[in-house]
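Understanding the architecture of this molecule
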Amino acid sequence: MDDLVLPGHGTSRRLRCRVLQSPLAGVSDPIFRSLVRRWAPEALLFTEMVHATNLELGHGRGKVDGLAAEPGPVAVQLFDHRPGAMAEAARRAEAAGAFWIDINMGCPVRKIARKGGGSGLLREPELARRIVAAVVAAVRLPVTVKTRLGWCGAAADPVGFCLGLQEAGAQLLTLHGRTREQGYQGRADWGAIARVKAALSIPVIANGDITGPEAALACLAQTGADGVMVGRATMGAPWMVGRIDRALRGQPLPPLPGPAERLALASEHLRALVAQRGDQGLLIARKHMGWTCQGFAGAAQLRQRLMRAATEAEALDLLAQAAAGVDERFRPPSPTNGRQAFGRVEMGPQNGLDIPAAGQGFFNITGTGFGGGSCPGNAYRH
Ligand SMILES: Cc1cc2nc3c(=O)[nH]c(=O)nc-3n(C[C@H](O)[C@H](O)[C@H](O)COP(=O)(O)O)c2cc1C
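Throughout, a residue's number is its position along its own chain's written sequence, starting from 1. Two thresholds apply to this predicted model, a pLDDT of at least 70 for residue-level local features and 80 or more for giving and counting side-chain atom pairs, whereas whole-chain, interface and lining totals are computed over all residues.

Here the focus is the nonpolar core. Formed by 109 residues in total, the largest nonpolar core has its most connected members in Leu78, Met86, Ile101, Val132, Val135 and Val228. For this core, the two domains that each supply at least three residues are domain 1 (4-248) and domain 2 (259-325). Aside from chain neighbours lying at most four places away, what touches Leu78 is Val50, Ala52, Met86, Ala89, Ala90, Ala93, Ile101, Ile103 and Asn104. To count as a nonpolar core, a set of buried Ala, Val, Leu, Ile, Met, Phe, Trp, Tyr and Cys residues must be joined through C-beta atoms within 7 Å. Exposed residues have 12 or fewer other C-beta atoms within 10 Å of their own C-beta, buried residues have 20 or more, and partly exposed residues fall in between, where C-beta atoms are placed from the backbone. The start and end points of each domain follow an automatic or database-based domain assignment. What counts as a contact here is a pair of residues whose C-beta atoms, placed from the backbone, lie within 7 Å.

Buried within helix 8 (residues 213-223) are the following residues: Pro213, Ala215, Ala216, Cys219 and Thr223. Axial view of helix 8: buried residues confined to an arc of 160°, hence all on one face. For helices the rule is a DSSP run of H or I covering at least 4 residues; for strands it is a run of E covering at least 2, with both sets numbered from the N terminus onward. Buried positions along helix 8 lie against strand 3 (19-21), helix 7 (190-199), strand 10 (204-207), strand 11 (227-230) and helix 9 (240-248). What the arc measures is the spread of directions leading from the helix axis to the C-beta atoms.

Structurally, Asp102 can be placed in strand 7 (residues 101-105). The sequence separation of Asp102 and Thr174 amounts to 72 residues, and the corresponding C-alpha distance is 9.5 Å. Not counting the four nearest positions on each side in its chain, Asp102 is found in contact with Phe46, Ala75, Val76, Gln77, Thr144, Val145 and Lys146.

For strand 7, the tally of buried residues reaches 5 of 5 residues, placing the bulk of the element in the interior. What you see with strand 7 is no split at all: Ile101, Ile103 and Met105 on one side and Asp102 and Asn104 on the other are buried throughout. For two strands to be treated as a pair, DSSP must find no fewer than two bridges joining them. Where strand 6 (residues 74-79) and strand 7 come together, 3 bridges link them in parallel fashion. Looking at the pairing, Val76 lines up with Ile101 of strand 7. With strands facing away from the observer, any crossover in which the path from the first strand over the helix to the second runs clockwise is taken as right-handed. With respect to chirality, the unit in which strand 6 leads through helix 3 (residues 83-96) into the neighbouring parallel strand 7 is right-handed. Here strand 7 runs beside strand 8 (residues 143-148); their pairing, made up of 5 bridges, is parallel. If you follow Ile101 over to strand 8, its bridge partner there is Val143.

Where burial is concerned, the two faces of strand 10 agree: the one with Val204 and Ala206 and the one with Ile205 and Asn207 are both buried. Note that the unit made of strand 9 (residues 172-176), helix 7 and strand 10 has a crossover that is right-handed. Across 3 bridges, the pairing between strand 10 and strand 11 is parallel. Its bridge partner being in strand 11, Asn207 is matched across the sheet by Met229.

With a phi close to 70°, Asp209 is a non-glycine residue in the positive phi region. On the secondary structure map, Asp209 appears in the loop between strand 10 and helix 8.

Here helix 6 (residues 158-168) crosses helix 7 at 40°, and the two axes come no closer than 9 Å. By the angle between their directions, the pair helix 6 and helix 7 is classed as oblique. Read as a crossing pair, helix 6 and helix 7 show a hand that is right-handed. Residues Pro158, Val159, Cys162 and Leu163 of helix 6 pack against Ala192, Arg195, Val196 and Ala199 of helix 7. Gly counts as polar in this scheme, as do all residues outside two lists: the nonpolar Ala, Val, Leu, Ile, Met, Phe, Trp, Tyr, Cys and Pro, and the charged Asp, Glu, Lys and Arg. Within the contact of helix 6 with helix 7, the residues separate by chemical class into 7 nonpolar, no polar and 1 charged. Between the N-to-C directions of two axes lies an angle of 0 to 180 degrees, each axis being a line fitted to C-alpha atoms and, for a helix, fitted only over the stretch in contact. Each angle receives one of four descriptions, namely roughly parallel if under 35 degrees, roughly antiparallel if over 145, roughly perpendicular if within 65 to 115, and oblique otherwise. In this scheme, a crossing is called left-handed if the near helix is turned counterclockwise away from the far one by less than a right angle; it is called right-handed if the turn is clockwise.

Below, the structure is given as structure tokens:
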């Protein structure tokens, strides 16, 4: 596999790995990124999305400061509806050591979209282009966009929208194969990603429902995309990006981490979060421990206890007791030939996890969480 090179405007960037770790608000913090990097040292990781105006006001710096010290590439993802704020935030991110600047045009969360940021820009193609142009003019780094197929099925014109972003100066697009109206429901439409890929001259990264190596290979075959971005399948499974990368390179896959390794990882993640964030770290660790402690006898009971543990020591003790009791007969669900939906009932086959559908954890994405769109039949009207 050749490297992917983005020219930038003075600072070019070279991607050695065609699997990208999704930006995941509330998840992809520096500690999570350090775990992902253990299995995928060369992969491009993303910050959680950063509000440009907040950065201008001096908030949200924690998400950007310290990037230069990270041992591998990290792109900064920005969102806002104000071109000037985006340009200023991009300059700061560049100075902080961003690998490149990514613009979020897909976040479905109502309070963000309503103000015209994230997926709100899908309804404002002209503003979306102006934002890209402003950011491109502000930095030497490559500027990329992560977006969706459109606001809603009836109005979606992914090819036209993405061509506009390319003309405005975006040097790579990541396309999540769902509309904003869909949220995370249904299947990602890889056929639509293929149509966008065929129409654009810049690299296109396919996103949506990459549950593991087989799905990644199937998605690349169907879309002709230049790489894949993986989100939910990495939650609780920081080995996933590295695993898919191996598959894309035709290398043999090691066995999935068994119970002992998962429990050790959960302890390590918990310790790191508490060391960095104190009591809040324990609360944040709960979701990670819940995602990681899956697929062995007693896991469900352990998760329940972990959610109730009041201190780090209590949680570590539970994990240690579980480690002393587990046998190594790990039972990942049987592999399937490619795609499988996420959800609490249907499981991601490759990582052996019960992965939450997006929104069951950090965001209230399902149901009424998106708020009123203007699509006929929009299920998220208020
Ligand atoms: C908890 C969570 C947080 C997310 N945060 C972001 C974000 O900050 N920026 C973004 O562009 N997408 C975000 N997404 C969307 C993912 O990056 C990705 O596009 C989506 O989950 C589809 O990919 P998947 O099927 O591999 O999960 C988030 C998704 C989840 C589940």
